Amino acid sequence: MKPILSLLLLCCAPYALAEQSALDIVKRSLDLEHRNWSRAKDYTYRQHEIFREVDAAGHKKSEQLHTYDIFMLYSRPYSRLVAKDGKPLSASDEAKQEERYRRELEKRRKQSEDSGSKESRDWEKRRAQQRKFTEEIPEAYNFQLLGTANIDGKPAWMIQADPKPGFQPREPRAKMLTKIRGKLWIDQTEYQWVKIEATTTDTISFGLVLARLASGSSFRFEQRRVNNEVWLPSHMEIGMEGRLALVKKMRATLDIQYSDYRKFQTDSKVIATGEVQD
């Protein structure tokens, strides 16, 4: 009986997968993403940033390289500069970073004693806004299942996301969703997104219109499973064209690599280390 049952399950599996709509897959992935964040905040990591400004032909005009250690400091992320242009900080710059860290440590220690502090309220407000933002994604797009692809040796659904005509966002920041289209790759086993590629279809403004991202700007995000328990960013790339402070025209690329993930307990003692796994 068991061999027959196994055969039936094997034969029916493709049909069961086919019954899932692209929207169902995306919704499940977003639900898991919220849970994923609660685990991700227990990790510290290294962030390598390369910012290149280019001319109209795409030739490099300038380049800045910065490396940061990112970790949670009293329940909020803190970034500490550890290298510039591929070189360790000078003694003077290192001393400045140490002083900056000590000031911030003391500041947050005092704030932690006041759960109603402005900083604590602002952080919780941003987290709530982010949750509301992601909750609007299923309503903002028409999703189409394009097929499957092999990502790092594992099957993933490939899903097209096009802005839904007439979508009216409740969260102000979600208005940008009407100006972004792209594709998502979602792992078939764990329903975690592994890659996103998107482009802007219209101008997007940030920071009370202090910066504008032109139509045609591109985004690429990737994440991987770490320590067999959590999915964390591995790469982000943004190709941008727009204006800063409504004056300076800018063409640039921002490339960020994430590495050296380590899991910490609340006492900041390392209890596990996990490189981004392929």
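Residues numbered from 1 in each chain as written. Predicted model: local features only at pLDDT ≥ 70, side-chain atom pairs only at ≥ 80, totals over all residues. Heavy atoms only, no water.

Peer 1: Could you give an account of the pairing of strand 6 (residues 154-163), naming the residues involved and the relevant values?
Peer 2: Pairing geometry for strand 5 (residues 141-151) and strand 6, over ten bridges, is antiparallel. By the bridge assignment for strand 6, Phe 143 is matched with Ala 161. Between strand 5 and strand 6, which pair antiparallel in sequence order, lie two residues; one of them, Asp 152, sits at a positive phi of approximately 55°. Here six bridges tie strand 6 to strand 7 (residues 180-187), and the two strands are oriented antiparallel to one another. Looking across to strand 7, one finds that Met 158 is bridged to Trp 185. (Pairing = 2+ DSSP bridges. Helix = DSSP H or I, 4+ residues; strand = E, 2+ residues; numbered from the N terminus.)

Peer 1: Give a description of the environment of Arg 181 that names residues and reports values.
Peer 2: With respect to the helices, strands and loops of the structure, Arg 181 is situated in strand 7. Sequence-distant contacts of Arg 181, defined by excluding residues within four places in its chain, comprise Gln 160, Ala 161, Asp 162, Pro 163, Glu 197, Ala 198, Thr 199 and Thr 201. (Contact = heavy atoms within 4.5 Å.)

Peer 1: Account for the pairing of strand 8 (residues 193-200), naming residues and giving values.
Peer 2: Side chains on a regular strand alternate between the two faces of the sheet. Of the strand pairs in this sheet, strand 7 and strand 8 are connected by seven bridges, and their pairing is antiparallel. Bridged to Leu 184 within strand 8 is Ile 196. With antiparallel pairing between neighbouring strands as the criterion, strand 7 and strand 8 make up a hairpin whose turn holds five residues, including Tyr 191 at a positive phi of roughly 60°. With five bridges joining them, strand 8 and strand 11 (residues 218-226) adopt antiparallel strand pairing. Directly across from Lys 195, in strand 11, lies its bridge partner Glu 222.

Peer 1: Just give me the short version of the packing of aromatic side chains, but keep the residues and values in it.
Peer 2: Within this structure, the stated rule accounts for nine aromatic pairs. Measuring from centroid to centroid gives 6.1 Å for Phe 71 and Tyr 101, while their planes differ by 65°, and the two rings are edge-to-face. With Phe 71 in strand 2 (residues 60-73) and Tyr 101 in helix 3 (residues 91-112), this pair connects stretches of sequence that are 30 residues apart. Centre to centre, the rings of Phe 219 and Phe 221 are 6.3 Å apart; their planes meet at 15°, and the pair counts as stacked. Residue Phe 221 is classed as partly exposed on the basis of its relative accessible area of 25%. Across from the ring centre of Phe 133, 5.5 Å away, lies the NZ or CZ of Arg 173, which sits over that ring. Seen from the ring of Trp 185, Lys 195 lies directly overhead, with NZ or CZ sitting 4.3 Å from the centre. (Phe/Tyr/Trp six-rings, centres within 6.5 Å; stacked < 30°, edge-to-face > 60°. Buried < 20%, exposed > 50% of the residue type's maximum accessible area, 1.4 Å probe, protein only. Lys NZ or Arg CZ within 6 Å of the ring centre and 35° of its normal.)

Peer 1: Can you tell me about the environment of Ala 149, naming the residues and giving the values?
Peer 2: Relative to the elements of secondary structure, Ala 149 occurs in strand 5. Judged by its relative accessible area of 21%, Ala 149 is partly exposed. Counting along the chain gives 38 residues from Ala 149 to Asp 187, while the straight-line C-alpha distance between them is 9.5 Å. Those residues in contact with Ala 149, other than ones at most four positions away along the chain, are Lys 154, Pro 155, Ala 156 and Trp 185.

Peer 1: Before we move on, could you go through the side chain of Arg 224 and cite the residues and values that matter?
Peer 2: Relative to the elements of secondary structure, Arg 224 occurs in strand 11. Within the structure, Arg 224 has its side chain in polar contact with the side chain of Asp 152 (distance 2.4 Å). (Polar contact = N/O pair within 3.5 Å; in protein donor to acceptor, adjacent residues only side chain to side chain.)

Peer 1: Got a sec to walk through the pattern of salt bridges? Specific residues and values, please.
Peer 2: Tallied over the full model, the rule gives 23 salt bridges. With its nearest N and O atoms 2.5 Å apart, the salt bridge here joins Arg 52 to Glu 63. Linking Arg 52 in strand 1 (residues 43-54) with Glu 63 in strand 2, this pair joins segments that are eleven residues apart in sequence. Look at Arg 52 and you get partly exposed, because its relative accessible area is 27%. Of the charged contacts in the structure, one is a salt bridge between Glu 222 and Arg 220, with a shortest N-O distance of 2.7 Å. A relative accessible area of 26% means that Arg 220 is categorised as partly exposed. Taken together, the shared-partner salt bridges connect Asp 152, Lys 195, Glu 197, Arg 220, Glu 222 and Arg 224 into one network. (Salt bridge = Lys/Arg side-chain N within 4 Å of Asp/Glu carboxyl O.)

Peer 1: Could you give me a rundown of the nonpolar core, with the residues and numbers involved?
Peer 2: Inside soluble globular proteins, nonpolar side chains tend to come together where they are buried. Residues Tyr 141, Phe 143, Ile 159, Leu 177, Ile 186, Leu 232 and Met 240 are the most contacted members of the largest nonpolar core, which totals 39 residues. Among all residues touching Ile 186, those that are not within four sequence positions of it are Ile 25, Val 26, Ser 29, Ala 156, Trp 157, Ile 159, Tyr 191, Gln 192 and Trp 193. Grouped together as the second largest cluster of nonpolar side chains are six residues, Ala 156, Met 158, Val 194 and Trp 231 included. (Core = buried A, V, L, I, M, F, W, Y, C linked by side-chain atoms within 4.5 Å.)

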